[in-house]
Amino acid sequence: MENFDYYNPTKVIFGKETYNKLSEEISKYTNGRKILLTYGGGSIKKNGVYERVLQGLDGYEIIEFGGIEPNPEYDTLMKAVSQVKSENVDFVLAVGGGSVIDGTKFIVSAAKYEGDPWDVLIKKDNASFTDAVPFGTVLTLPATGSEMNSGAVISRSDLKEKRTMGGPQGFPKFSFLDPTVVSTLPKRQIANGITDAYMHTLEQYLTYPTDNLLQERIAEGILSTLIEIAPKVLEDPSDYKAASNLMWCATMALNGTLRAGVAYDWSTHMIGHELTALHGIDHARTLAIIAPNLFKVKFENKKDKLIQYGQRVFGLDGSCGEEAILRTKTFFESIGIETSISQYTSETDNTANIIKKRFEERGWDGIGERGDLTPDQAKEIVEMSI
Ligand code: NZQ
Ligand code: ZN
């Protein structure tokens, strides 16, 4: 097994009716009383989460920053950074999905950063966030794993850019995971969540065989569980057994566990982020579009693992790599995810060329688990995906 470091300081409070513990948790990280509540476009005010959270914040002075959009925008978040500074906020509580949580990671980090925060996102002169205002989360959408990792993805639509950030300051102090929130999610978001969690698992599994047998079995367990519960949770989002398994799968898929001691890829995500930046396609959907074609182009690299995946997850026999790719695409389509770019936009003429050029400009000459996916191959994969 390869050497690895494993670090995850985020406390998870999982289950129903737990928000009454919010004040107690926050008091462990600050003596101050002023809390900034960050949220998105207002779903929490319609589904009762907002009231329940406020009841759990007894004794604190609450100020709010709402309007964090899906694919959180740099300009929006910079307004919250000013608020955190001018109001001397002691703790930030993010209530929402991956966008609100990612946006909050940026807000708390940028509030403690002296220079231009955009430099961090474009990795200018190795600028990095190291400090942050303490923050926690109340998750409302199982998908990204942001509730238990230190990463975030921030967009600038004026530049058509979507950039990642990270660092140990990005781990939430705690995250409340109440699966009953799934009951109010639109089906589209549930399908997105299943797909994102599935793809986070594949990015860290579908590489080449390693000696970490446990990690491979955990990944296969997440994939099999998602396939099992997907129709159930889509049929009845208030099915607690299905919703709680979806929520825990999504968290486990990207909390650092799967990556320990194995090779990982992430090239589907790197290409997918460009599709969101260029065409505004939902994050998870970009992954379902790109992955099957990426697996075809990198078939020789991934062949052994594709066969293992086909046999163990889909119960196929023999040399079933190509069939495993087809089954993956069929699974996404079975939960209502379209898998071609042209099903989302008609402006596809320059997409592949633009992405190739961006990869070249950023020096992404070879990405993926073997460092050999070239800008030309990224272009080929995008062309196959139109
Ligand atoms: O904004 P509100 O009104 O809250 O509505 C949201 C939003 O419109 C709605 N929603 C959330 N919880 C709800 C709900 N509606 C009804 N009931 C609820 N309980 O869902 C919509 C989408 O929310 P969003 O947070 O954008 O979705 P998701 O959780 O999929 O997050 C996507 C973002 O996370 C990034 C993506 O790139 C994208 O920007 N990612 C973050 C990662 C990380 N930090 O580790 C990894 C991922 O690969 C991903 O890149
Ligand atoms: Zn993702």
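Residues numbered from 1 in each chain as written. Chains lettered and ligands numbered in written order. Predicted model: local features only at pLDDT ≥ 70, side-chain atom pairs only at ≥ 80, totals over all residues. Heavy atoms only, no water.

**Q** Just checking my understanding: could you explain the coordination of the zinc ion (ligand 2) for this structure?
**A** Think of it this way: four donors in a tetrahedron around the metal ideally sit 109.5 degrees apart, and six in an octahedron ideally sit 90 or 180 degrees apart. Protein ligation of the zinc ion (ligand 2) involves Asp 196 (OD), His 200 (NE2), His 269 (NE2) and His 283 (NE2), the donor distances falling in the range 2.0 to 2.2 Å. Read from N- to C-terminus, the donor residues coordinating the zinc ion (ligand 2) fall into the pattern D-x3-H-x68-H-x13-H. Of this pair, His 200 sits in helix H7 (residues 187–203) while His 269 sits in helix H10 (residues 267–279), and the two are 69 residues apart along the sequence. A single burial state applies to His 200 and to His 269, both of which are buried. (Donors = N, O, S within 2.8 Å, 3.2 Å for Na, K, Ca; no water. Helix = DSSP H or I, 4+ residues; strand = E, 2+ residues; numbered from the N terminus. Buried < 20%, exposed > 50% of the residue type's maximum accessible area, 1.4 Å probe, protein only.)

**Q** Before we go on, may I ask you to explain the site of ligand 1 in this structure?
**A** As a matter of local geometry, ligand 1 sits amid 33 residues, with Gly 41, Gly 98, Ser 99, Asp 102 and Lys 162 nearest to it. Here an oxygen atom of ligand 1 and a backbone polar atom of Gly 42 are 3.0 Å apart. For ligand 1, an oxygen atom lies 3.1 Å from a polar atom in the side chain of Asn 71. Of all the secondary-structure elements, those providing two or more residues to the shell around ligand 1 are helix H5 (98–110), strand E6 (152–156), H7 and H10. Looking at the shell around ligand 1 residue by residue, the class counts come to ten nonpolar, 20 polar and three charged. (Near = heavy atom within 4 Å. Polar contact = N/O pair within 3.5 Å; in protein donor to acceptor, adjacent residues only side chain to side chain. Nonpolar A, V, L, I, M, F, W, Y, C, P; charged D, E, K, R; others polar.)

**Q** Whenever I open this one, the domain arrangement of the protein confuses me. Can you help?
**A** Interfaces are often described in size by the accessible area the parts lose on coming together. Structurally, the protein comprises domain 1 (11–180) and domain 2 (185–385). Here the C-alpha centre of domain 2 lies 26 Å away from the C-alpha centre of domain 1. Opposite the 26 residues of domain 1 that make contact, domain 2 presents 23 residues. For the pair domain 1 and domain 2, the summed buried surface comes to about 2100 Å²; carbon and sulfur atoms form 64% of the total. Counting the surface domain 1 buries against domain 2, the share from its top three residues, Pro 142, Lys 160 and Lys 162, is 28%. (Domains from an automatic or database assignment. Contact = heavy atoms within 4.5 Å. Buried area = accessible area lost by both parts, 1.4 Å probe.)

**Q** Would you explain the sheet that holds strand E5 (residues 135–139) in this entry?
**A** Picture the strands of a sheet paired through backbone hydrogen bonds; they go either parallel or antiparallel. Strand order in the open sheet formed by six strands is E1-E8-E5-E4-E2-E3, with parallel pairing between adjacent strands. Pairing within the sheet leaves two strands with one partner each, and these edge strands are strand E1 (11–14) and strand E3 (61–65). Across the sheet, the axes of successive neighbouring strands diverge by a mean angle of 20°, strand direction being ignored. Both E5 and strand E8 (residues 174–177) contribute to a ladder of three bridges, which runs parallel. Its bridge partner being in E8, Leu 139 is matched across the sheet by Leu 177. (Pairing = 2+ DSSP bridges. Axes fitted to C-alpha atoms, helices over the stretch in contact; angles between N-to-C directions.)

**Q** Before we go on, may I ask you to explain the side chain of Ser 385 in this structure?
**A** Relative to the elements of secondary structure, Ser 385 occurs in helix H15 (residues 375–385). In this view, Ser 385 contacts Ile 289, Ile 290, Asn 293, Thr 339, Ser 340 and Ile 341; residues no more than four positions away in its chain are not counted.

**Q** What's the story with the nonpolar core in this structure? I'm lost.
**A** Side chains of nonpolar character tend, in soluble globular proteins, to be buried together. Formed by 63 residues in total, the largest nonpolar core has its most connected members in Ile 194, Tyr 198, Leu 202, Val 233 and Tyr 309. What Tyr 309 contacts, discounting residues up to four positions off in sequence, is Tyr 198, Leu 202, Tyr 205, Leu 206, Leu 223, Phe 314, Ala 324 and Thr 328. With 54 residues, the next largest nonpolar core counts Tyr 60, Ala 94, Val 120 and Ala 132 among its residues. (Core = buried A, V, L, I, M, F, W, Y, C linked by side-chain atoms within 4.5 Å.)

**Q** Is there a simple way to explain the side chain of Thr 18 in this structure?
**A** Mapped onto the secondary structure, Thr 18 falls in the loop between E1 and helix H1 (22–26). Using a relative accessible area of 5% as the deciding quantity, one classes Thr 18 as buried. Excluding residues within four positions of it along the chain, Thr 18 makes contact with Ile 13 and Phe 176.

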